[in-house]
Amino acid sequence: MIRKSALLGILNYCKYGMLHKLLVINNFPQTHFHTSTGHRKDPVSKDIVIYENFESIENKSKKTYLEMIKIFETRGTHRTGHVEFIYSALKNMKEFNVEKDLEVYKALIDVLPKGKFIPTNMFQAEFMHYPKQQQCAIDLLEQMEDNAVLPDKEVETMLLNIFGKRGYPLRKLWRIMYWMPKFKNLSPWPVPQPLPNDTLELAKLAVARIGSVDIQTQISVFQSKDIPEALEDTWIVSAQSPTQCRLLSEHDVSQPIYVEGRFRIWMKNVPITYFILRGDAKIAPRSVVDLDDVSNISVPFFSYGIPPKQDIVPVPSVHEQEDGVIFAVCVTGTSGRDSLLSWIRHLEKNGNPNLASIPVVFTLKSPEKDLANIETAVATEK
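Residues numbered from 1 in each chain as written. Predicted model: local features only at pLDDT ≥ 70, side-chain atom pairs only at ≥ 80, totals over all residues. Heavy atoms only, no water.

### A few points about the overall build of the chain
What counts here: Labels follow the DSSP assignment, with helices taken as runs of H or I lasting at least four residues and strands as runs of E lasting at least two, numbered in each case from the N terminus. Each residue's exposure class comes from its accessible area (1.4 Å probe, protein chains only) as a fraction of the maximum for that residue type: buried when under 20%, exposed when over 50%, partly exposed otherwise. Only heavy atoms enter the contact rule, under which two residues are in contact if any of them lie within 4.5 Å.
A count of helices and strands for the chain gives 13 helices and seven strands. Within the chain, buried positions represent 38% of all 382 residues. For the chain, restricting intrachain contacts to residue pairs at least 6 apart in sequence, the fraction spanning at least 24 positions comes to 70%.

Laid out in structure tokens, this is it:
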């Protein structure tokens, strides 16, 4: 016979324990169910739903994000749903603009209970003791790696207390701490951290990166309102080197040059639209040599004739590419046709007088639909 107290315990577990897990998994609203706490000893656990959805928070900031984590941690010692809560928090990080904050990742790691997931023998260590929780921690570390967040010694101590020194998350952390510092400063075009909020400063950084192929490149900032015929009032960031000025002065005035774009360059996760001034490619002279012709073979020790005369071909500059000659690069505030026309007028006034007699053809492409402008991208970066 089953005792009355044991039977009541089974009924209470089925009523509160199993129902509690089903409600958390299916994410039912709290107002749909009412429970009585007459047989419950823990007054904190009378709420059925573990946490509120991150999507329902109106004030999305770091402070409210950390408050949500603290609310989950204060639900008692026997709280469940750690993995579901962490995955939901990771999913909504960008909306709260905390995806690059190391403090937030530490708070999420601290949600996991300490000591429970540590393997006690070699079989548990190699067969991934508590695989669901370990995979959750690995996914959290991968998101840190994707957002270029470098963990510190405290993260290592936290994972050591949660999963032990043989846990897979700690192995993942050691690989991150080995490789990320090696690749952190390898970029030859470093950008400030965080990125500036001013679109003009972002444009200067982008044009400087493009013009870094020539160390003599000079970056100039023009205002379209300085041109009397201009219809738009915006800024223009232009890059041109003395070699490009010389190539433009040697260009045949009867041949047109082209303003091409829109092209994209990424400053971290911010796209910048730029345009180029291009001319047709130069045809380099080629000397055709028949390798199968054996009628005139020179013998090194017996042929003392005068060597044949050959044409001297100058080495092309880095601006002379196979598809054309790049004369200048620019970024404008509006990326409009009128601002590009003002750019050509400024180039004509600043060391390129032959632009007045060269026909300029605008071959512009419409931007892609999913391409955000600079202002939207900067707001997202914030």
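### As for the nonpolar core
This is how the line gets drawn: The criterion is simple. A nonpolar core is a set of buried Ala, Val, Leu, Ile, Met, Phe, Trp, Tyr and Cys residues joined through side-chain atoms within 4.5 Å.
With 38 residues, the main nonpolar core has Tyr65, Ile69, Met93, Leu108, Leu140 and Leu159 as its most contacted residues. Setting aside its immediate chain neighbours within four residues, Leu108 contacts Tyr65, Ile69, Phe85, Ile86, Ala89, Leu90, Met93 and Leu140.

### Description of the confidence of the model for the chain
Put simply, the rule is: Scored from 0 to 100, pLDDT reflects the predictor's confidence in each residue.
Looking at the chain as a whole, its pLDDT mean stands at 80, while 77% of the residues score no less than 70. A low-confidence stretch, residues 13–51 stays under pLDDT 50, and its non-local contacts, those more than four residues away or across chains, total 41 contacts. Under a pLDDT of 50 for its full length, residues 368–382 has, in the predicted model, 23 contacts with residues more than four places off or in other chains.

### Description of helix H9 (residues 168–184)
Inclusion rule: Every helix has an expected span of 1.5 Å times one less than the residues it contains.
Under the 1.5 Å per step criterion, the end-to-end length of H9 is 24 Å for 17 residues, consistent within 8% with the ideal 24 Å. Within the span of H9, buried status applies to Pro169, Leu170, Lys172, Leu173, Ile176 and Met180. In this fold, the buried residues of H9 make contact with helix H7 (131–146) and helix H8 (153–163).

### Thoughts on the pairing of strand E4 (residues 270–279)
Selection rule: A pair of strands is treated as paired once DSSP finds two or more bridges between them.
Most of E4 sits out of view: ten of its ten residues are buried. Neither face of E4 is left uncovered, since the one carrying Val270, Ile272, Tyr274, Ile276 and Arg278 and the one carrying Pro271, Thr273, Phe275, Leu277 and Gly279 both have all their residues buried. Of the strand pairs in this sheet, strand E3 (residues 257–267) and E4 are connected by eight bridges, and their pairing is antiparallel. Following the sheet pairing, Glu260 is matched in E4 by Ile276.

### Considerations on the environment of Ala208
One can find Ala208 in helix H10 (residues 199–210). Residue Ala208 is classed as partly exposed on the basis of its relative accessible area, which comes to 34%. Remark: the alpha-carbon pair of Ala208 and Trp189, spanning 19 residues in sequence, is separated by 9.0 Å.

### As for a nonpolar patch on the surface
Worth spelling out the cut-off: Residues enter patches when they are more than 30% accessible in relative terms and free of salt bridges; like-charged ones are connected within 9 Å and nonpolar ones (Val, Leu, Ile, Met, Phe, Trp, Tyr) within 5 Å. For the area figures, the Shrake-Rupley method with a 1.4 Å probe applies, and any residue is considered shielded solely by the protein chains shown. Any carboxyl oxygen of Asp or Glu within 4 Å of a side-chain nitrogen of Lys or Arg constitutes a salt bridge here.
Taken together, the side chains of Tyr178, Trp179, Phe183 and Leu186 define a hydrophobic patch exposed on the protein surface, amounting to about 490 Å² of accessible area. Residue placement: Leu186 occurs in the loop between H9 and H10. Under the relative-accessibility criterion, Leu186 is labelled exposed at 56%.

### A look at the pattern of salt bridges
Inspection of every chain in the model, using the stated rule, returns 15 salt bridges. In this structure, Lys106 and Asp152 form a salt bridge, with 2.6 Å as the shortest nitrogen-oxygen distance. Here Lys106, found in helix H5 (residues 102–109), pairs with Asp152, found in the loop between H7 and H8; they are 46 residues apart in sequence, far enough to count as distant. For Lys106, a relative accessible area of 15% corresponds to the buried category.

### As for the side chain of Asn352
Using the following cut-off: Here a polar contact is recorded for every N or O atom pair within 3.5 Å, except that within protein the pair must consist of a potential hydrogen donor and a potential acceptor, and residues adjacent in sequence are included only if both atoms are side-chain atoms.
Following the sequence through the fold, Asn352 ends up in the loop between helix H12 (337–349) and strand E7 (360–364). Overall, Asn352 belongs to the buried group, its relative accessible area being 1%. One polar contact links the side chain of Asn352 to the main-chain carbonyl oxygen of Leu347, over a distance of 3.0 Å. Ignoring any residue separated from it by four or fewer positions in sequence, one finds Asn352 in contact with Gln240, Cys245, Leu248 and Leu347.

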